[in-house]
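# Topology and contacts: notes
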Amino acid sequence: MSEFEKIEYKPRSVREILIEMKDISELMMDLAYSAALFNDYELAEEVLELESHVDTLAYQLNMSTMVATRDPEDAEALVGVLKVASSADKISDAAADIAMIVLRNIGVHPLVSEVFKKAEEGLVKATVHPNSILAGKRLSELELASKIGVDIIAIRRKKHWIINPKGRETIQKNDILIARGSHSGVDELKKLAEGTLQKLEEE
Amino acid sequence: MPSKEQIEKIVEMLTELKNTSELMMDLAYSSILLNNRELAEEVEQLEEHVDELHTEFELLVLSSGFKRQESKNFLGLIRIGVVTEKIADAAAEIAEVVLRQLEPHPVLKLVIEEAEETVLRIQVSENSSLVNKTMREARIPEKTGMWVLAIRRGNRWIRPKPHTRIHVGDILIAAGYAEGEEDLKQLATGKSPERR
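Residues numbered from 1 in each chain as written. Chains lettered and ligands numbered in written order. Predicted model: local features only at pLDDT ≥ 70, side-chain atom pairs only at ≥ 80, totals over all residues.

### Considering the interface of chain B and chain A
In this assembly, 44 residues from chain B lie in contact with 42 residues from chain A. Elements with a contribution of two residues or more to the side of chain B that touches chain A: α1 (4-33), α3 (68-100), α4 (106-114) and α6 (140-144) of chain B. Considering each element in turn, the side of chain B that touches chain A owes the most residues, 15 residues, to α3 of chain B. Of the residues contributing to the side of chain B that touches chain A, the split by class is 22 nonpolar, 8 polar and 14 charged. (Contact = placed C-beta atoms within 7 Å. Helix = DSSP H or I, 4+ residues; strand = E, 2+ residues; numbered from the N terminus. Nonpolar A, V, L, I, M, F, W, Y, C, P; charged D, E, K, R; others polar.)

If you want it as structure tokens, here you go:
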């Protein structure tokens with residue numbers, strides 16, 4: 001990473017930027033852990049790209065906060081916003097550290113998969129079989145988050161990763177899905193993707 | 001070669017580091033959203049716990065007698081441990097905002113409320129089907145897509161374990177996808193028939 005882009009002030013609200021930083025930094029942790037767990041080089045590269053995006057956002061947030069500060073009261077109230085933003089930035093850096101483990105071929109001991117089996121949230125990687133009921137459905141019609149407590153955080157389609165897919169995204173056969181959620185939920189998603197389960201069983 | 005016992009201990013400690021660091025982030029954001037000093041203090045205490053646990057974890061890995069060719073893999077483990085510690089620090093930094101300022105800026109509350117994952121504080125009423133169930137029996141994540149981070153009972157905080165029993169009047173602090181918020185409200189208040 002030797003190239004640094006010039007960062008210009010953009011008239012965006014502090015709130016909007018901070019929401020984006022918080023969401024991306026949390027997503028990055030899951031993506032980074034997934035990259036380590038599934039030893040996925042390209043997913044790790046996606047994490048690094050997101051990290052530099054979060055850096056840009058951090059600069060923009062600092063600028064927007066400065067513009068919004070008019071008096072000492074504003075300064076006192078807004079310093080907390082900057083602290084939260086700096087925490088989100090640190091989390092994105094921590095995620096990038098994990099991605100670097102993968103990219104430098106340091107390797108992750110097989111023990112790590114044991115850790116993920118025992119952790120509170122499960123992560124899963126599953127390929128969508130042509131017979132899967134997920135194929136051809138939009139994420140918004142599946143409502144996986146509310147029905148089985150699972151969130152699809154990335155989709156690998158042909159040679160590209162779609163990170164944090166939106167509701168309008170349609171799942172296609174042969175997509176590789178990375179999802180997080182409750183252990184029973186991610187198990188169910190894997191079966192749905194592989195076509196061994198043909199009905200979305202709501203809990 | 002590390003013994004089976006050492007390996008089990010390594011897995012157990014790294015799992016606790018990962019879970020605790022993530023719990024801390026959720027609690028830290030919750031402390032801001034609810035402007036709650038006690039939650040923030042809980043985060044600070046957990047941060048000390050993570051520091052100690054992380055040191056123990058590193059000592060354990062270093063003393064487990066691995067071979068040269070395995071050492072690269074163990075480096076990956078150590079690095080993941082470091083990351084959990086960094087997340088814990090970042091969470092403590094967020095909690096500090098609450099501990100130092102009386103009123104977080106309204107923008108922070110909006111941010112946490114509008115983010116994809118949300119935090120909910122809800123009291124369990126006597127009509128709720130959750131009453132007297134253990135966390136495992138209650139199956140809240142499966143039913144609502146939300147995780148209970150902490151339970152406030154009287155004036156103490158309980159970190160829910162699978163066998164923790166839910167009482168009438170407990171206040172649940174839960175995080176999860178915004179879609180699950182309404183489901184959990186109904187479950188805790190018992191106001192609408194439970195979905196299968």
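Still more to cover.
### Brief notes about the nonpolar core
Of all hydrophobic cores here, the largest spans 117 residues; its most connected members are Ala 32, Ala 36 and Val 47 of chain A together with Ala 91 of chain B. For this core, the element with the most residues is helix α1 (residues 14-37) of chain A, which contributes 14 residues. Contacts of Ala 91 of chain B, omitting those with residues within four sequence positions, involve Met 24, Met 25, Ala 28 and Val 43 of chain B. (Core = buried A, V, L, I, M, F, W, Y, C linked by C-beta atoms within 7 Å. Buried ≥ 20, exposed ≤ 12 C-beta atoms within 10 Å, placed from the backbone.)

### Topic: the environment of Gln 172 of chain A
Residues and elements named next belong to chain A. With respect to the helices and strands, Gln 172 occurs in the loop between β3 (160-163) and β4 (176-181). Remark: the alpha-carbon pair of Gln 172 and Glu 5, spanning 167 residues in sequence, is separated by 35 Å. Apart from the residues within four sequence positions on either side, Gln 172 is in contact with Val 128, Ala 135 and Arg 157.

### Looking at the pairing of β4 of chain A
Residue and element names in this part refer to chain A. Here β4 lies mainly inside the structure; 5 of its 6 residues are buried. Where strand β1 (residues 122-127) and β4 come together, 6 bridges link them in antiparallel fashion. Residue Ala 126 lies in a different strand from β4, and its bridge partner there is Leu 177. Bridge analysis of strand β2 (residues 150-157) against β4 gives 6 bridges, and the strand direction is antiparallel. In the strand pairing of β4, Ile 155 is matched with Leu 177. (Pairing = 2+ DSSP bridges.)

### Section: the domain arrangement of chain B
A common measure of how large an interface is: the accessible area buried when the components associate. All names here are of chain B. When cut into domains, chain B gives domain 1 (4-106) and domain 2 (116-189). Between the C-alpha centres of domain 1 and domain 2 there is a distance of 24 Å. Taken together, the contact between domain 1 and domain 2 spans 9 residues of the former and 7 residues of the latter. Mapped onto the side of domain 1 that touches domain 2, the elements with two or more residues apiece are α1 and α2 (37-62). Residues of the side of domain 1 that touches domain 2, tallied by class, amount to 5 nonpolar, 1 polar and 3 charged. (Domains from an automatic or database assignment.)

### Thoughts on the confidence of the model for chain B
Of all residues in chain B, 96% have pLDDT values of 70 or greater, and the mean over the chain is 85. Across the assembled chains, the prediction reports ipTM 0.84 with pTM 0.82. (pLDDT = per-residue confidence, 0-100.)

### Description of helix α4 (residues 111-118) of chain A
All buried positions along α4 of chain A are accounted for by Val 112, Val 115 and Phe 116 of chain A. One face of α4 of chain A carries all of its buried residues, which in axial projection span an arc of 95°. Against α1 and β1 of chain A together with α1 and α3 of chain B lie the buried residues of α4 of chain A. (Arc of directions from axis to C-beta.)

### A closer look at unusual backbone geometry
Residues and elements named next belong to chain A. Notably, Asn 39 is not glycine yet its phi reads approximately 45°, a positive angle. With respect to the helices and strands, the residue Asn 39 is situated in the loop between α1 and α2 (41-68). Here Lys 158, not a glycine, exhibits a phi torsion of approximately 50°, which is positive. Tracing the sequence through the fold places Lys 158 in the loop between β2 and β3. Since 7 C-beta atoms lie within 10 Å of it, Lys 158 is described here as exposed.

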